[in-house]
Amino acid sequence: CTAFTQAGFLVNFQEIGPRYVGALHGMANTAGSFAGIVGTYMTGVILESTGSWRAVLFITAGVYAFGAATWLAFSTGERVFD
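Note that the structure is predicted; figures quoted are calculated from it, not measured. For every chain, the first residue of its written sequence is number 1, and the numbers climb from 1 along that sequence. Where local features are concerned, this predicted model is filtered to residues with pLDDT of at least 70; where side-chain atom pairs are given and counted, the filter is 80 or more; whole-chain, interface and lining totals use all residues. With hydrogens and water excluded, all non-hydrogen atoms of the structure serve as input to the side-chain values.

Can you lay out the overall build of the protein chain for me, pointing to particular residues and giving the numbers?
Numbered from the N terminus, helices here are DSSP runs of H or I no shorter than four residues, and strands are runs of E no shorter than two. For the protein chain, the helix and strand inventory stands at 3 helices and 0 strands. Along the protein chain, from the amino end to the carboxyl end, the secondary structure elements read α-α-α. Computed over C-alpha atoms, the radius of gyration of the protein chain comes to 16 Å, more than 25% over the 12 Å expected from 2.2 N^0.38 for 82 residues, which places it beyond the range of a compact globule. Here the protein chain holds 82 residues, and 9% of them are scored as buried. For this analysis, residues touch if any pair of their heavy atoms sits within 4.5 Å. Long-range contacts, defined as pairs at least 24 residues apart, comprise 56% of the intrachain contacts of the protein chain with a sequence gap of at least 6. All accessibility values rest on the Shrake-Rupley procedure with a 1.4 Å probe; residue burial counts only the protein chains present in the view. With the model as given, the accessible surface of the protein chain reaches about 6,400 Å², and the carbon-plus-sulfur share is 69%. Atoms counted for the radius of gyration: C-alpha only. Globule rule: 2.2 Å times residue count to the power 0.38. Exposure categories follow from relative accessible area, calculated using a 1.4 Å probe and restricted to protein chains: below 20% of the type maximum is buried, above 50% is exposed, and the middle band is partly exposed.

Spelled out as structure tokens, the structure:
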């Protein structure tokens, strides 16, 4: 499933800032790693408090939907950085 998101996500750095593609990709990768660390911890907290995967999966779906809506609202293929 993530292969479909990577196809549009990774090439966007080249489109919006060809000179800064390394820095842009590094910042996005750092944010993704941080989200993975926090998400793993929060999954444990939610499972401990609810005892069910249902809440974890609903929150995950909400985060994905919010991310998709944000991407659709603000992404561009035009050059942003010179």
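Moving on from the coordinates now.
Describe the packing of helix α2 (residues 21-50) against helix α3 (residues 53-74), and please don't skip the residues or the numbers.
Helix-helix packing: each pair is described by the crossing angle between the helix axes and the interaxial distance. Here an angle of 0 to 180 degrees is reported between the N-to-C directions of two axes, which are lines fitted to C-alpha atoms, with helices fitted over the stretch in contact. The interhelical angle for the contact between α2 and α3, taken along N-to-C directions, is 140 degrees, at an axis separation of 8 Å. Here α2 lies oblique to α3, going by the angle between them. In the packing of α2 onto α3, the handedness of the crossing is right-handed. Contacts between α2 and α3 involve Thr43, Ile46, Leu47 and Thr50 from the former and Trp53, Ala55, Val56 and Ile59 from the latter. Note that Gly is not counted as nonpolar here; it falls among the polar residues with everything else outside the nonpolar set of Ala, Val, Leu, Ile, Met, Phe, Trp, Tyr, Cys and Pro and the charged set of Asp, Glu, Lys and Arg. Here the contact of α2 with α3 is built from residues that sort into 6 nonpolar, 2 polar and no charged. When describing relative orientation, an angle under 35 degrees is termed roughly parallel and one over 145 degrees roughly antiparallel, while 65 to 115 degrees is termed roughly perpendicular and anything else oblique. By convention the crossing between two helices is left-handed if the near helix lies anticlockwise of the far one by an angle smaller than a right angle, and right-handed if it lies clockwise.

Which residues make up the side chain of Asn12, and what are the values?
With respect to the element layout, Asn12 can be found in helix α1 (residues 2-16). Classification of Asn12 as buried rests on a relative accessible area of 11%. A distance of 2.9 Å separates the side chain of Asn12 from the backbone oxygen of Thr76, its partner in a polar contact. Setting aside anything within four residues of it in sequence, one finds Asn12 in contact with Trp71, Thr76 and Gly77. Between N or O atoms, a polar contact is any pair within 3.5 Å; within protein, one atom must be a potential hydrogen donor and the other a potential acceptor, and residues adjacent in sequence are included only when both atoms are from side chains.

Quick rundown of the packing of aromatic side chains? Include the residues and the values.
Two rings from Phe, Tyr or Trp (for Trp, the six-membered ring) form a pair when their centres are within 6.5 Å of each other. A pair whose planes differ by under 30 degrees is stacked, one over 60 is edge-to-face, and the rest are tilted. Scanning all chains against the criterion turns up 1 aromatic pair. Between Tyr20 and Phe81, the aromatic rings sit 6.4 Å apart at their centres with planes inclined by 80 degrees, giving edge-to-face as the arrangement. With Tyr20 in the loop between α1 and α2 and Phe81 in the segment after α3, this pair connects stretches of sequence that are 61 residues apart. For Tyr20, a relative accessible area of 36% puts it in the partly exposed group.

Residues and numbers for α2, please.
Take the number of residues in a helix, subtract one, and multiply by 1.5 Å to get its expected span. Taking 1.5 Å of rise per residue, 30 residues should cover 44 Å, and α2 covers 42 Å from first to last C-alpha, within 8% of that figure. Two residues or fewer past α2, Gly51 is found with a positive phi of approximately 75 degrees.

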